[in-house]
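What the coordinates show
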Amino acid sequence: MIKTINGERTERTVLPERLKEHLGERIRIHGSIYKIRKMRGFAFVLLRTARQVVQCIYSEERAEFSLEELQEESCVRLTAEVVSEERSRTGYELHLIQAAILSKPEEASPIVINNKLVDTSLENLLNYRPVTLRNEKERAVFKIQEGIACGIRKFLAENRFTEIHTPKIVYSGAEGGANIFRINYFGKEAYLTQSPQFYKQMMVGVFERVFEIAPVFRAEMHDTSRHLNEYTSVDFEMGYIESFEELMQTETGMLREVMCYLNEYYAPELELLSVKLPEVREIPAVRFSEAKELIAKEYHREIKDYEDFEPEEEKLLCELIQKKTGSEFVFVTHYPSEKRPFYAMESPENRKETESFDLLFRGLEITTGGQRIHTYREQVEKMKRRGMNAALFESYLMAHKYGLPPHGGLGLGLERFTGRLLGQENVRRATLFPRDTGRLEP
Ligand code: AMO
């Protein structure tokens, strides 16, 4: 390989996605040996490349090396001829000529990773993540997750949002509750951020519309199928809104774009995982109090908690809305003030409710959002009513004190959304290296 002065690489190695353009040619390609299947007189050798598994044929007549030199999970650079083959998934296959072995594994993988599915417990799947993720279907989950994030970025950039990067070590929690990680910051108490809430609001005063896709931390004490201790939060915040419904409209547009983006650029992974993407048309909206009553009436359930949903109620509501409207998404609006953080704007017509919403998708909350209080006086008063010491939040309240437009935003859990989209029950399956109460490795 020769590197030219302007940094372009000149080499004969062909990218796997361009193999089709080289039918009949002798090429070089690199990857890992995924699977060797010996047949009578020849062998199928599957080469795992960055995105696809390429079918190769080893035959003694053609190859200038012995099949014994190849080992599963060896990294290799192969020389081969690209031959048209209808029976192969890609429409071609590689006839092997030479193989340079770049590395060999010390041991065989403790878990079989080269079958269609990794047939093991969730525990093992996560314990051996660096290898189990090499399975074609396992890694496709995270390719799709990449596609979701790219679709979101594309939509937000096109709608004049500025991408920002806010600190993860913070002086205070934004979301309330006990689920905050404390850290020792040079002798001072500090925290890992629960959300970029304060900073995205401050940045509305700077850029008007901002977004961030970044990790946040929640010291959840219980192990559930939907809680992680570290997750990726997709946050946006927009200024000069006239009502919180604008936020819901923006999220609807964003989800529509994500589906288009996945369809356009991630078809191989969608097919591999047999994913049926939901149609995003108008998303129905129902007030929280009405939703509670609706579920109680339709399913003959007693309302135990008037302030929040039980997980089962989220499932039932989604089922009901889908039956009535065909939508797999539903916005629930006007959550009780009691349950929303101090920055939530109360509804002018009923101060016990907030100008806020959640988005539920296939039985699970994936987003929380709403309009915020934007005046200093109102925000400080609400903090006082809640028994908070506003003086401790002066650096946040500086934004309000020196003028902020009416604004609001939302936070979407990337892993929850990915998991629901792919029909997974446990959010850990949509997390590369999950952190939960019992897991700090790998
Ligand atoms: P909230 O705390 O509701 O709101 O979080 C927003 C979204 O983040 C996801 N989520 C989680 N995902 C995995 N594990 C967890 N432990 C976890 N906790 C939350 C959910 C949830 O809907 N600042 C507000 C957002 C805003 O108003 O802009 C916030 O963080 O999908």
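Quantities reported herein were computed from a predicted structural model and do not represent experimental measurements.

All chains considered together, the criterion is met by zero disulfides. Not engaged in a disulfide, the cysteine Cys 260 finds its nearest cysteine sulfur in Cys 150; these two sulfurs lie 15 Å apart. Exposure remark for Cys 260: the relative accessible area of 46% places this residue in the partly exposed category.

Here the focus is the sheet that holds strand β7 (residues 92-103). On the basis of which strands lie adjacent, the closed barrel formed by five strands has the order β3-β4-β5-β7-β6 and mixed pairing. Adjacent strand axes in the sheet meet at a mean angle of 55° when their direction is disregarded.

Here helix α3 (residues 136-158) is 23 residues long and its end C-alpha atoms lie 33 Å apart, about the 33 Å a rise of 1.5 Å per residue gives. Two or three places before Lys 137, at the start of α3, stands the capping residue Asn 135, its side-chain oxygen 3.0 Å from that residue's backbone nitrogen. Within two residues after α3, Arg 160 carries a phi angle of roughly 65°, on the positive side.

By nearness alone, 22 residues border the ligand, and Glu 175, Lys 200, Glu 365, Thr 368 and Arg 372 come closest of all. At 3.3 Å, a backbone N or O of Gly 411 approaches an oxygen atom of the ligand. Interatomic distance of 3.3 Å between a backbone N/O atom of Gly 413 and an oxygen atom of the ligand. If the ligand stood free it would expose 630 Å²; the protein chains cover 93% of that surface. For the shell around the ligand, the elements supplying multiple residues, two or more each, are α4 (197-207), β19 (364-371) and β20 (407-413). Among the elements that make up the shell around the ligand, the one with the highest residue count is β19 (five residues). Here the shell around the ligand is built from residues that sort into five nonpolar, nine polar and eight charged.

Here the focus is the packing of aromatic side chains. In this structure the tally under the stated criterion is 20 aromatic pairs. With centroids separated by 6.0 Å and ring planes inclined at 80°, the aromatic side chains of Phe 198 and Phe 393 adopt a geometry described as edge-to-face. Within this pair, whereas Phe 198 is found in helix α4, its partner Phe 393 is found in the loop between α9 (376-385) and α10 (394-401), the two being separated by 195 residues in sequence. Assigned by exposure class, Phe 198 and Phe 393 land together as buried. With a centroid separation of 5.5 Å and an interplanar angle of 85°, the aromatic rings of Phe 331 and Phe 357 are classed as edge-to-face.

Let's shift gears to the pairing of strand β13 (residues 230-239). The buried fraction of β13 is high, at eight of ten residues. The pairing of strand β12 (residues 209-217) with β13 spans nine bridges and is classified as antiparallel. Within β13, the residue paired with Phe 211 across the bridge is Phe 236. Two elements, β13 and β20, share seven bridges in a ladder whose sense is antiparallel. Within β20, the residue paired with Met 238 across the bridge is Gly 408.

A cluster of nonpolar residues, Ile 169, Tyr 185 and Phe 186, forms a patch on the protein surface that exposes about 370 Å² of accessible area. The residue Ile 169 is located in strand β9 (residues 169-170) in this model. With relative accessibility at 44%, the residue Ile 169 sits in the partly exposed group.

Basis of the calculations
Residues numbered from 1 in each chain as written. Predicted model: local features only at pLDDT ≥ 70, side-chain atom pairs only at ≥ 80, totals over all residues. Heavy atoms only, no water. Disulfide = S-S within 2.5 Å. Buried < 20%, exposed > 50% of the residue type's maximum accessible area, 1.4 Å probe, protein only. Pairing = 2+ DSSP bridges. Helix = DSSP H or I, 4+ residues; strand = E, 2+ residues; numbered from the N terminus. Axes fitted to C-alpha atoms, helices over the stretch in contact; angles between N-to-C directions. Expected span 1.5 Å × (residues − 1). Polar contact = N/O pair within 3.5 Å; in protein donor to acceptor, adjacent residues only side chain to side chain. Near = heavy atom within 4 Å. Areas by Shrake-Rupley, 256 points an atom, 1.4 Å probe, with all protein chains shown as cover. Nonpolar A, V, L, I, M, F, W, Y, C, P; charged D, E, K, R; others polar. Phe/Tyr/Trp six-rings, centres within 6.5 Å; stacked < 30°, edge-to-face > 60°. Patch = residues over 30% accessible without salt bridge, like charges linked within 9 Å, V, L, I, M, F, W, Y side chains within 5 Å. Salt bridge = Lys/Arg side-chain N within 4 Å of Asp/Glu carboxyl O.

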